[in-house]
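# A closer look at the structure
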Amino acid sequence: MVNRLKSMPLYLFLALCAFITVFPILNILAMSLSSSRAIISGEVVLWPVEITVQAYKQLFIDGQLLIALKNTVIITAVGTVLQMIATTLAAYTLSKRRLKGRQIFTFMVMFSMLFGTGLIPLFLLVKQLHLINTFWAIWLPGLVSAYNLFVMKSFFEGLPAELEESATIDGATDLTVFFKLTLPLSKPILAAISLFYAVALWNTYSNALYFISKSQLLPVTVKLYQMLQTPIDSLLAGGDSSQYIQPEGLKAAAIIITVLPILCVYPFLQKHFIKGVLLGSVKG
Amino acid sequence: MPKTLHQPSGPAAIRSKGLNKPGRGLLFYLYRDRYLYLFLIPAMSYFFLFKFVTLYGELIAFKDFRLLDGVWGSPWVGLKHFHTLFGSSDFWNVLRNTLLLNLYNLVFAFPAPILLALLLNELRVNWFKRAVQNMLYLPFFISWVVLAGIIVSLLSPSTGVVNAALRLFGIDPVYFMTSTLWWPVVFIVSTIWQSAGWGTIIYMAAISSIDPGLYEAAKIDGATKLRQIWHITLPGIRGTIGVLLVLQMGKMMDVGFEHIFNLQNAAVFSVSDVISTFVYRTGLQNAQYSLATAVGLFQALIGLILVLTVNKIVKKLGEGGLW
């Protein structure tokens, strides 16, 4: 009991840290559901004041954010599949010690981690490949993450070698071993890495900003950026800010629409993410 | 090896052509591992195209690049663009900001997850610990556009809750986002907000692998909690701290583009413009391709030297390093 009392400040401090971390998000949520008047007078803290869904209604009628959301869903779904195929196949191959040229390939990947690609050479390449204003400009330049590749490779290396040996004696080819033996045993790592990729794609930003200019093709992040940007610049003048109040509520609602899908799957995401990080750090 | 047993046609055919030497021919391995090599094609095409062909594009840093002439056809100009860069005050400002913001992160944001992990490790009530962790991890999953949008709204002089609180104490509204004094503070705090919680995971894992017997022994010797942390926990996670420090130092030339870009506005360029935002503006928005490539190349080279150096230092200190 004495111990409990002594550690009270610790518990209070950490509870405060946790609260400070989530408070900004709760504040935005409350703002998105409050009336313009309440937002202007700065009354909104944790709970919505004079509840209204006007901001959401306006965004839905406008429809642009919904199109962007649809784009993001496509980018995430297709992109994750492409990235997983490329990464899993390569990681499996590089985990085989008997493979000739394994070091050369591994060095290629290592080198790419050490030397950052310049934005302009990348832009010129993407332009040359005619990927500008297509989703491929988001998928291809980020097809394989070297980090994810190495995490997966070390996972495959950890699988018992006897399994493969006995299967090959029974006449299995590399294809059979990979699809029938390795993949079913690798579900935890496959889940973790595909979620790494999916979250990164959901939050995809720079590549879309660099390579996509058609409004109809923008992902939700860049669309949100455009919506947020307009009033910020007007605020710079430092003039009368009351006329930008309506945007404040709209911005809050747009932010909530953008993060809501992530928040909905958060408990699930987080569990697998932690597993992935721990699997990755075993080697490092 | 046993594979040759049931692929008689392939290796057998090769063998009959006299390739069955002790150090077997390349064709033998290409055939034996044909599926594996096929598996490599998508990823290696990616690395080849986007990591090696782009290196060729870096050449335009030494040329006057014109879109019509292409990389090869544009005229060589030697180090002209580097001279322009090193002679411009913009470049030095951008370089200073990059290093300075990274230095702030190293001093203030790097220790934050270590401290948090040490504190979290002392929690004994499991549901409480899990709840706190769940909340601390959350911002890591959210993109910088959203986080920046939230920050700007929170700190808004007219409608933000922070300034509303200040007003209660009779303090005039502070223009956090447009003040060159406050902007770096907002930057550091937002780094901590986004990543400190998530950063604890690796440290917590390292702490949990420390032999509990050490703590028992220390308790018997009458060591206080603080002394236990100082003499057992911290030495126990020294290796982890070292590796993460190397990674962080290797990124000294590179501040997250999305983080800066989304918090940035014209009023605070003098303290917030960094290499990545500078490259984006000069290269993609103003189409000064060669100049922007020169900056990027400079950044990548210094970054490479930094990683290699710091890795060597950490190795010398006996902490293993990265490779």
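Residues numbered from 1 in each chain as written. Chains lettered and ligands numbered in written order. Predicted model: local features only at pLDDT ≥ 70, side-chain atom pairs only at ≥ 80, totals over all residues. Heavy atoms only, no water.

## Here we look at the overall build of chain B
On a plain count of helices and strands, chain B comes out with 18 helices and zero strands. In terms of overall size, chain B is more extended than a compact globule, its C-alpha atoms giving a radius of gyration of 27 Å where 323 residues would be expected to give roughly 20 Å. The principal-axis extent of the C-alpha atoms belonging to chain B is close to 90 × 70 × 35 Å. Going through the 323 residues of chain B one by one, you find that 50% of them count as buried. Of the contacts made within chain B by residues no fewer than 6 positions apart, 62% connect residues no fewer than 24 positions apart. Within the structure as shown, chain B displays about 15,400 Å² of accessible surface, and the carbon and sulfur contribution to it stands at 68%. For chain B, the distance from the average site of its 25 positive side-chain charges to the average site of its 14 negative ones is 12 Å. (Helix = DSSP H or I, 4+ residues; strand = E, 2+ residues; numbered from the N terminus. Rg over C-alpha atoms; globule rule 2.2 N^0.38 Å. Buried < 20%, exposed > 50% of the residue type's maximum accessible area, 1.4 Å probe, protein only. Contact = heavy atoms within 4.5 Å. Areas by Shrake-Rupley, 256 points an atom, 1.4 Å probe, with all protein chains shown as cover. Lys, Arg positive; Asp, Glu negative; His and termini not counted. Charge placed at Lys NZ, Arg CZ, Asp CG, Glu CD.)

## Observations concerning the interface of chain A and chain B
Each partner contributes residues to the interface: chain A has 98 residues there, and chain B has 89 residues. Counting each side, the surface lost to burial between chain A and chain B is near 8,600 Å², with a carbon and sulfur contribution of 79%. A per-residue breakdown of the area chain A buries against chain B is headed by Tyr11, Phe115 and Ile120 of chain A, which together make up 8% of the total. At the junction of chain A and chain B, the tally comes to one salt bridge. Note that Arg98 of chain A is salt-bridged to Asp33 of chain B, the shortest N-O span being 2.9 Å. Here chain A is connected to chain B by 16 residue pairs in polar contact (both at pLDDT 80 or more). The element contributing the most residues to the side of chain A that touches chain B is helix H2 (residues 8-32) of chain A, with 16 residues. Counted by class, the side of chain A that touches chain B contains 70 nonpolar, 21 polar and seven charged residues. (Buried area = accessible area lost by both parts, 1.4 Å probe. Salt bridge = Lys/Arg side-chain N within 4 Å of Asp/Glu carboxyl O. Polar contact = N/O pair within 3.5 Å; in protein donor to acceptor, adjacent residues only side chain to side chain. Nonpolar A, V, L, I, M, F, W, Y, C, P; charged D, E, K, R; others polar.)

## Let's talk about the domain arrangement of chain B
Residues and elements named next belong to chain B. The domain architecture assigned to chain B consists of domain 1 (2-65) and domain 2 (80-316). Taking only C-alpha atoms into account, the centre of domain 1 sits 41 Å from that of domain 2. Residue-level contacts link eight residues of domain 1 with eight residues of domain 2. Across the interface of domain 1 and domain 2, roughly 670 Å² is buried in total on both sides, 61% from carbon and sulfur atoms. The interface formed by domain 1 and domain 2 includes one salt bridge. Between Asp64 and Lys80 there is a salt bridge, and its shortest N-O distance comes to 3.0 Å. Along the contact surface separating domain 1 from domain 2 lie six residue pairs in polar contact (both at pLDDT 80 or more). Of the residues contributing to the side of domain 1 that touches domain 2, the split by class is four nonpolar, one polar and three charged. (Domains from an automatic or database assignment.)

## Side note on the UniProt feature "transmembrane region" (unreviewed entry) in chain A
As recorded in UniProt, the feature "transmembrane region" (unreviewed entry) lies at residues 65-92, 104-125, 131-150, 189-212 and 250-269 of chain A. Taken end to end, residues 189-212 of chain A comprises 83% helix and 0% strand; its first and last C-alpha atoms sit 32 Å apart. (UniProt positions renumbered as here; feature names shortened; annotations may be inferred.)

## So, the UniProt feature "transmembrane region" (unreviewed entry) in chain B
Mapped onto the present numbering, the UniProt feature "transmembrane region" (unreviewed entry) falls at residues 35-56, 99-120, 140-169, 181-208, 228-247 and 287-308 of chain B. Its end C-alpha atoms 28 Å apart, residues 228-247 of chain B is made of 95% helix and 0% strand.

## Topic: the layout of surface pockets
Approximately 730 Å³ is the volume attributed to the second largest pocket. Ile20 of chain A together with Val189, Ser190, Ile192 and Trp193 of chain B are, among the 25 residues lining the second largest pocket, the residues nearest its centre. Every element with two or more residues in the lining of the second largest pocket is listed here: H2 of chain A together with helix H7 (111-121), helix H9 (144-154) and helix H11 (183-208) of chain B. Take the lining of the second largest pocket: its biggest share by element is eight residues, from H11 of chain B. Residues of the lining of the second largest pocket, tallied by class, amount to 22 nonpolar, three polar and no charged. (1 Å grid on protein atoms, 1.4 Å probe; cavity = no way out; pocket = protein on both sides within 12 Å on 5 of 7 lines; lining within 4 Å. Points joined across faces, edges and corners; volume = space filled by probe spheres on them.)

## Topic: the nonpolar core
Core analysis: the biggest nonpolar cluster contains 152 residues, and Ile120 and Val144 of chain A together with Trp183 of chain B have the highest contact counts within it. The leading source of residues in this core is helix H5 (residues 64-94) of chain A, at eleven residues. Each of domain 1 (2-65) and domain 2 (80-316) of chain B contributes no fewer than three residues to this core. Ranked by size, the runner-up nonpolar core spans 28 residues in total, among them Phe110, Leu120, Ile207 and Ile237 of chain B. (Core = buried A, V, L, I, M, F, W, Y, C linked by side-chain atoms within 4.5 Å.)

## Some details on the UniProt feature "domain: ABC transmembrane type-1" (unreviewed entry) in chain B
Residues given the UniProt feature "domain: ABC transmembrane type-1" (unreviewed entry) here are residues 95-310 of chain B. Here residues 95-310 of chain B runs as 75% helix and 0% strand, with 20 Å between its end C-alpha atoms.

## Brief notes about the packing of aromatic side chains
Under the definition given, this model contains 48 aromatic pairs over all chains. For the pair Phe135 of chain A and Trp139 of chain A, a centre-to-centre distance of 5.9 Å together with 65° between the ring planes defines the contact as edge-to-face. The exposure class assigned to Phe135 of chain A is buried, which follows from its relative accessible area of 14%. Residue classification places Trp139 of chain A among the buried positions, given a relative accessible area of 7%. Aromatic side chains Phe257 of chain B and Tyr280 of chain B sit 5.6 Å apart centroid to centroid with 65° between the ring planes, which places their arrangement in the edge-to-face category. With Phe257 of chain B in helix H15 (residues 257-263) and Tyr280 of chain B in helix H17 (residues 275-285), this pair connects stretches of sequence that are 23 residues apart. In this structure Phe257 of chain B comes out as buried when scored by relative accessible area, which is 9%. Feature note: the residues Phe123, Tyr205, Tyr210, Phe211 and Tyr225 of chain A together with Phe65, Phe257, Phe261, Tyr280 and Tyr289 of chain B constitute an aromatic cluster, connected by ring pairs. (Phe/Tyr/Trp six-rings, centres within 6.5 Å; stacked < 30°, edge-to-face > 60°.)

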